[in-house]
Amino acid sequence: SPLLGHRLRGELDVSALQTILAALVARHESLRTRFSEQQGQAVQWVDAELDIPLQELDISHLAEGERQTQAETLREQEALASFDLQQGPLLRLKLIRLDEQEHWLLLTFHHIIADGWSFNILLHELAALYRAATSGQSPTLAALPVQYADFAHWHHGWLNSSAAREQQEYWLARLADTPELLALPGDGPASANRGRAARYKVQVPEVLTKALKSHAQTNESTLFMLLLASFQTLLYRYSGQSRFCVGIPGAGRQAPEVQGLVGFFINTLAFTADIAPGTSFNRLFADVRAQVLVAQANRDI
């Protein structure tokens, strides 16, 4: 489950925090939504009111060296715990107390109700409301023009439009004959660990970053386009496979009305590589640039 872990340092007013979290649940319908099936169709139900308790876990009694380890363990357990889509709620709230001056706030969602952009919205609103509450001011958040159900209703209608059919035709043509898998070296038979991934962080030197940005600008492209072409080149070198697909998630928040809305708007764009032997990098870079522009014009499907 997606988990937002936020470290809180300093004296914490837990009562104010509980009140603010309840206000955020009341503000965003997505946080009060659950899903069931009716006559073979998925249906979303928005509860008019929903009390999601803030579970407090106190580990301040542990030795200082053990607290961080235990907090990480609790965080991992929380991220792996499942949700019941039909019964809800699809949000869990936990507060881990390490000592009087340090707490970890864990907000865990089912991905069906919130995306990464939503996390930033909630953090911003939570901070604004907490500052107001602890300074004796009235909280001021702009009213939401729509809720997620409004967007879902609009989107279902849009899917029957000519614009949607044109976008669908583009993707069907673009993805035709694209292999489902990439034959990377080292892939073996299916095993219990297949599908797991690791994350590595690499520090890119400032001089290289500036050079990449300059090269992209010179070619009237973005840094994203240049890095995507580079990534496709790397995959081609490792696999020897000339045609494959790279999926890139996009925010999916084109409409200004949904910029401040909690919900799941992400849509993955599929960028196909078609690299003939002897293709120069500059040619591939130009092809990627053109494809990205067209894909962005068809990003609703």
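Up top is the structure.
Now for a look at the structure at hand. Values in this document were obtained by computation on a predicted structure and should not be read as measured data.

Re the nonpolar core
Side chains of a nonpolar character, in soluble globular proteins, are inclined to be buried together. By size, the foremost hydrophobic cluster in this structure holds 30 residues, and its most contacted members are L17, L21, L31, L91, L105, L107 and F109. Secondary structure elements with two or more residues in this core: β1 (3-9), α1 (14-27), β5 (91-99), β6 (102-109) and α3 (116-134). The contact partners of L107, leaving out residues within four places of it in the chain, are P2, L3, L4, L21, L91, R92 and L93. Listed in part, the 20 residues of the second largest apolar core include L226, L235, I275 and L284.

Some points on the sheet that holds strand β4 (residues 54-58)
With mixed pairing, the 4 strands of this open sheet are ordered in space as β1-β6-β5-β4. The open sheet is flanked by β1 and β4, the only strands paired with a single partner. Neighbour-to-neighbour, the strand axes of this sheet turn through a mean angle of 20°, independent of strand direction. Bridge count between β5 and β6: 8 bridges; the pairing is antiparallel. Each bridged residue has a counterpart across the sheet, and for K94 the counterpart in β6 is L106. Against the sheet, α1 makes contact with β1, β4, β5 and β6, and its axis sits at roughly 145° relative to β4, the strand it touches most. The strands touched by α3 within the sheet are β1 and β6, with β1 carrying the most contacts at an inclination of about 30°.

Some remarks on the packing of aromatic side chains
This structure, assessed with the given rule, holds 9 aromatic pairs. With a centroid separation of 5.6 Å and an interplanar angle of 50°, the aromatic rings of Y148 and F151 are classed as tilted. Here Y148 pairs with F151, and both are found in helix α4 (residues 148-158), just 3 residues apart, close to one helical turn. Comparing Y148 with F151 shows no difference in burial state: the two are buried. Cluster of aromatic residues (ring-pair linked, three or more members): Y148, F151, W154, W158 and F265. Over the ring of F83 we find R92, and its NZ or CZ is 4.1 Å from the ring centre.

Some points on α4
Among all positions in α4, only Y148, F151, A152 and W158 are buried. Here the buried residues of α4 occupy an arc of 125° about the axis, which is enough to place them on one side. When the buried face of α4 is taken as reference, the exposed residues oriented beyond 90 degrees from it are H153 and H156. In this structure, the buried side of α4 is in contact with β3 (41-46) and α5 (162-175).

Section: the packing of α1 against α3
Interhelical geometry of α1 versus α3 gives an angle of 135° and a closest axis separation of 10 Å. Viewed along their axes, α1 and α3 adopt a mutual orientation that is oblique. The chirality of how α1 crosses α3 is right-handed. Listed contacts from α3 to A16, L17, I20, L21, L24 and R27 of α1 are L122, E125, L126, L129, Y130 and A133. For the contact of α1 with α3, the per-class residue count stands at 10 nonpolar, no polar and 2 charged.

Calculation notes
- Residues numbered from 1 in each chain as written.
- Predicted model: local features only at pLDDT ≥ 70, side-chain atom pairs only at ≥ 80, totals over all residues.
- Heavy atoms only, no water.
- Core = buried A, V, L, I, M, F, W, Y, C linked by side-chain atoms within 4.5 Å.
- Buried < 20%, exposed > 50% of the residue type's maximum accessible area, 1.4 Å probe, protein only.
- Helix = DSSP H or I, 4+ residues; strand = E, 2+ residues; numbered from the N terminus.
- Contact = heavy atoms within 4.5 Å.
- Pairing = 2+ DSSP bridges.
- Axes fitted to C-alpha atoms, helices over the stretch in contact; angles between N-to-C directions.
- Phe/Tyr/Trp six-rings, centres within 6.5 Å; stacked < 30°, edge-to-face > 60°.
- Lys NZ or Arg CZ within 6 Å of the ring centre and 35° of its normal.
- Arc of directions from axis to C-beta.
- Parallel < 35°, antiparallel > 145°, perpendicular 65-115°, else oblique.
- Left-handed = near helix turned anticlockwise from the far one by under 90°.
- Nonpolar A, V, L, I, M, F, W, Y, C, P; charged D, E, K, R; others polar.

None of the figures reported here should be taken as evidence of function without further support.
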